[in-house]
Amino acid sequence: MTRDPVPAVTWSPCPEDPAVQCGFMRVPADWAAPRGTGIELALARRPATDPAQRIGVLLVNPGGPGGSAVNMTLDTEFFTPELRRRFDIVGLDPRGVGRSSPVLCAQDLIDAKPSPLVTSAAEFAALGAYNRKLAADCAARSGPVFGHTDTASVVHDVEALRIALGEQRISIFGASYGSLIGELYGQSYPDRLRAVTLDSVMDHSVDVDGFLTQETEAAQDSFDEFVAWCARDTRCVLRGRDIPALWESLVARAGEGRLADPYDPPEKLTVWRLISAAFSAFYDPQWFSFAHYLKDADEAPAGGPPPPAPERAADDVDLAPNSFPSVFCADWSLPVGDFSAYVTRLDGLKARAPQIRASSLALSAAAGCIGWPSGPADPQRPLTPARIPVLLISTRHDPATAHAWAQQVAAQLGPNARLVTYEGWGHVAYSHSDCVRGVVDRYLVGLRLPEAGTSCPAIAPEPYGIG
């Protein structure tokens, strides 16, 4: 019997940092046809600074989907000196992402994405038509990787990389969407996993309503936390004002086409862009700047219509990476039903989240799969109990990965899972708290899980350049 070829990595110094090695590896575009067409994956390795005390490989991923693990490896500040001393930090850009045979689409088409807050059957139909057009455009420009960007295929890539590196077992740090890589690798290759930390945890068992509802409740919670902060911090430029009322005024003006972008006039803010701006501001969170943003938007004159876009030749096409829909629609079954069912779901979300209306991340993902030409390769299902100790980290007020998701995943993984809650705000707790970093480092280095119920205190956000 002929064995499938073992992928090899070709290494050279990274141009951004010669202390880091950059490499490429070829794998099958379709793991069901291992001797078929290949694609090229990019990776980076930051060797352990203390070779005598080296533990092994720590495979890292920042999430997204669309974040570059190569860039995460090149970052000299994210991981502590202790982890960089004891591990080779290795980042593999997932297939279709970053430098790994990226999914490319026409920038103008990406920019034309319609709002998912539809109000008519025609607008709902336009969502599906747009998604089909986008998928066809991306498929034509991206090569064989398109249609094979599911996380289950990424997991097979990770196993191929482990073999290529000659490691018996690896450790994984997966943040945000990267946590799904850690979860699924642990399900597929449990004997090859030494340790895994999941920070800002995806729950790949929730159905479409759980997905939309829990994400929207998390985003609304972040809005409520912003309002509470502004009431207690004298530096908030909106202190003393009724922020929910101000927000409703801005939403109404945006819906009427009368709200100018305060930082890009005379462009107008739509309701969806306003909601998305709030969601983005809650990631760090950037409360100070978001308060200024709302104040400036309220005070900006409506102005006239924006100037027409410059005409371009039909063959003048700028390409841009756009892996998000191809990954999400390959990983998740998110059937929203027909127009009537979709609007019923939107109304239900607004009832739960009167200011935010809907999680811009979750609704964009679900709406982005309407009419997508292919179904999920590996749809949701509960995880089986973990065979090794697993550390889960979750922020109490995370706008992007609901704290409930971490609780649910911990329950699925069973007694070997330990959940630690950062009692603060923002996304990816490892970057926010020395307490969290200490818990994670002690586990990854010494395989010591913290006591059940361990939590880390909140750290109040400061404006950039202060504190």
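Nothing here was measured: the structure is a model prediction, and the numbers come from that model. (Residues numbered from 1 in each chain as written. Predicted model: local features only at pLDDT ≥ 70, side-chain atom pairs only at ≥ 80, totals over all residues. Heavy atoms only, no water.)

Draft legend 1. Structural context of unusual backbone geometry. Residue G64 is joined to P65 through a cis peptide bond whose omega torsion reads -5°. Counting through the fold element by element, P65 comes out in the loop between strand 4 (56–61) and helix 1 (69–74). That bond from D284 to P285 is cis: its omega, 0°, falls within 30 degrees of zero. Tracing the backbone through its elements, the reader meets P285 in the loop between helix 9 (271–281) and helix 10 (287–299). (Helix = DSSP H or I, 4+ residues; strand = E, 2+ residues; numbered from the N terminus.)

Draft legend 2. A look at the side chain of Q412. Secondary-structure assignment places Q412 in helix 14 (residues 403–413). The residues touching Q412, leaving out its near neighbours within four places in the chain, are D203, S205, P382, L383, T384 and P385. (Contact = heavy atoms within 4.5 Å.)

Draft legend 3. Region of the structure containing the environment of R235. Relative to the helices and strands, R235 resides in the loop between helix 7 (208–232) and helix 8 (243–255). Through-space distance from the C-alpha of R235 to that of F211 is 35 Å; in sequence the pair is 24 residues apart. One polar contact links R235 to E462, side chain to side chain, over a distance of 2.8 Å. (Polar contact = N/O pair within 3.5 Å; in protein donor to acceptor, adjacent residues only side chain to side chain.)

Draft legend 4. The arrangement of the packing of helix 8 against helix 9 in detail. Between helix 8 and helix 9, whose axes approach to 8 Å, the crossing angle comes to 140°. Contacts between helix 8 and helix 9 involve W247, L250, V251, A254 and G255 on the former and, on the latter, V271, L274, I275 and A278. A class-by-class count of the residues in the contact of helix 8 with helix 9 yields eight nonpolar, one polar and no charged. (Axes fitted to C-alpha atoms, helices over the stretch in contact; angles between N-to-C directions. Nonpolar A, V, L, I, M, F, W, Y, C, P; charged D, E, K, R; others polar.)

Draft legend 5. Main features of the side chain of D17. Here D17 lies in the loop between strand 1 (10–13) and strand 2 (21–28). A polar contact of 2.9 Å, which involves the side chain of D17, links it to the backbone nitrogen of A19.

Draft legend 6. The arrangement of the nonpolar core in detail. In terms of nonpolar packing, the biggest core is built from 81 residues, with L161, F211, Y342 and L392 touching the most fellow members. Core analysis: the next-biggest nonpolar cluster, separate from the first, contains 34 residues, C230, L269, A278 and A297 among them. (Core = buried A, V, L, I, M, F, W, Y, C linked by side-chain atoms within 4.5 Å. Buried < 20%, exposed > 50% of the residue type's maximum accessible area, 1.4 Å probe, protein only.)

Draft legend 7. Quick look at the state of the cysteines. A full pass over the atoms with the stated rule returns five disulfides. One disulfide bridge connects C105 with C138, the sulfur atoms lying 2.0 Å from each other. Note on the C105 and C138 pair: the S-S dihedral is about 115°, so by sign convention the disulfide is right-handed. Of this pair, C105 sits in strand 6 (residues 104–106) while C138 sits in helix 4 (residues 121–142), placing them 33 residues apart in sequence. The residues C105 and C138 share a single accessibility class, namely buried. The disulfide partner of C435 is C456, and the S-S distance across this bridge is 2.0 Å. Taking the torsion about the sulfur-sulfur bond, which here is approximately -70°, the covalent link between C435 and C456 counts as left-handed. Taken together, the positions of C435 in helix 15 (residues 434–446) and C456 in strand 12 (residues 455–456) put the pair 21 residues apart, joining distant regions of the chain. The connectivity of the disulfides in the protein is 1-2, 3-4, 5-6, 7-8, 9-10, where the numbers refer to bonded cysteines in sequence order. (Disulfide = S-S within 2.5 Å.)

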